[in-house]
Amino acid sequence: TALTMIEAAKNSGASAVKMQKRIPQYDVPSSQHSKLRETPWGTMSYIEYKHRMEFGVPEYRTIMDACKAMDMPFFVSVWGLDNLAWMENNFPESSRYKLPSACLLNMQLLSALNSTRKPVVISTGMSTAQNVYTAVNELPDVPLTICHANSTYPAPNDELNLRAISWLGQKFPSATIGYSGHERGLAPSIAAVVLGAQYIERHFTLDRTMWGTDQSSSLEPGGFRRLVKDIHVIEAALGDGVKVVMPSEQEALVRLRGA
């Protein structure tokens, strides 16, 4: 299913694939281990479910090889030091990492990511301005992409606060500014480009009726294709902001002003 999704994302215009790497015994709070969960494999404890959901080295190698064959950059969100070490030990060729919003203030993880000297993408959901400053200050040695985000799935439109994208651009001019969208639909992600986002991240699925907790805020191939098309239209339409007479206006200028 993952390989089918990656191929569909590539065909829909995606320029990279990101997955999430967690090690359940470290990343799932012990208080949650025994809680029961309904899953496609039946009712089981939450910790068993999380183990079932995780890919190991063989699966990651297969996925990374497939992405390479498709000329599709692949990277992961790391949810802790153990996850980062797992990636660095098994896949040192990984070109970049994502720091999820949940780990934005994990100082040890931030320091370790900075030590890799690899580009880092950070999401800033559930965070204040000071939280963002704190995280960015811990990553002085890596190329940085800072994504505005709301960590609700799906995120309500009236709480997206997209103007924060412009604020990020003003406060962090040396970083690439992005938007990690968890809303339903396309419009906010397109608007993010108008506000200065140069990196757009959306959850992707083959079919929103598939089992899973994030399906309602994910885009199917058709919707993702429309998003990419509309973003490219907006990028072309934005121009450079300098008010001049455009080449297509020259004829009208002569005809209507006699100039």
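The coordinates are above.
Scoring rules and cut-offs
- Residues numbered from 1 in each chain as written.
- Predicted model: local features only at pLDDT ≥ 70, side-chain atom pairs only at ≥ 80, totals over all residues.
- Heavy atoms only, no water.
- Pairing = 2+ DSSP bridges.
- Helix = DSSP H or I, 4+ residues; strand = E, 2+ residues; numbered from the N terminus.
- Phe/Tyr/Trp six-rings, centres within 6.5 Å; stacked < 30°, edge-to-face > 60°.
- Buried < 20%, exposed > 50% of the residue type's maximum accessible area, 1.4 Å probe, protein only.
- Lys NZ or Arg CZ within 6 Å of the ring centre and 35° of its normal.
- Patch = residues over 30% accessible without salt bridge, like charges linked within 9 Å, V, L, I, M, F, W, Y side chains within 5 Å.
- Areas by Shrake-Rupley, 256 points an atom, 1.4 Å probe, with all protein chains shown as cover.
- Salt bridge = Lys/Arg side-chain N within 4 Å of Asp/Glu carboxyl O.

(A) Local environment of the pairing of strand β2 (residues 36-39). Note that β2 and strand β3 (residues 42-45) share four bridges and pair antiparallel. Its bridge partner lying in β3, Arg-37 is registered against Met-44. Count of turn residues in the β2/β3 antiparallel hairpin: two residues.

(B) View of the packing of aromatic side chains. Applying the stated rule across the entire model yields eleven aromatic pairs. Where Tyr-46 meets Tyr-49, the ring centres are 5.8 Å apart and the plane angle is 40 degrees; that geometry is what we call tilted. Of the two residues, Tyr-46 and Tyr-49 both sit in helix α3 (residues 46-53), three residues apart, roughly one turn of that helix. Owing to a relative accessible area of 5%, Tyr-49 belongs among the buried residues under this scheme. Note on Tyr-60 and Phe-91: the rings are 6.1 Å apart at their centroids and 35 degrees apart in plane angle, and the pair reads as tilted. Of this pair, Tyr-60 sits in helix α4 (residues 57-69) while Phe-91 sits in the loop between α5 (81-90) and β5 (97-99); the two residues are 31 residues apart in sequence, bridging distant segments of the chain. For Tyr-60, a relative accessible area of 1% translates into the label buried. In textbook terms, an aromatic cluster arises when at least three aromatic residues are bridged by ring pairs, as seen for Phe-55, Tyr-60, Phe-74, Trp-86 and Phe-91. Above the plane of the ring of Trp-86 lies Lys-21, whose end atom (NZ or CZ) is 4.1 Å from the centre.

(C) Representation of a nonpolar patch on the surface in the model. Where nonpolar side chains cluster on the molecular surface, the patch consists of Trp-41, Met-53 and Trp-211 and spans about 320 Å² of accessible area. Residue Trp-211 is classed as partly exposed on the basis of its relative accessible area, which comes to 41%.

Without other data, these values stay purely geometric and don't point to any function.
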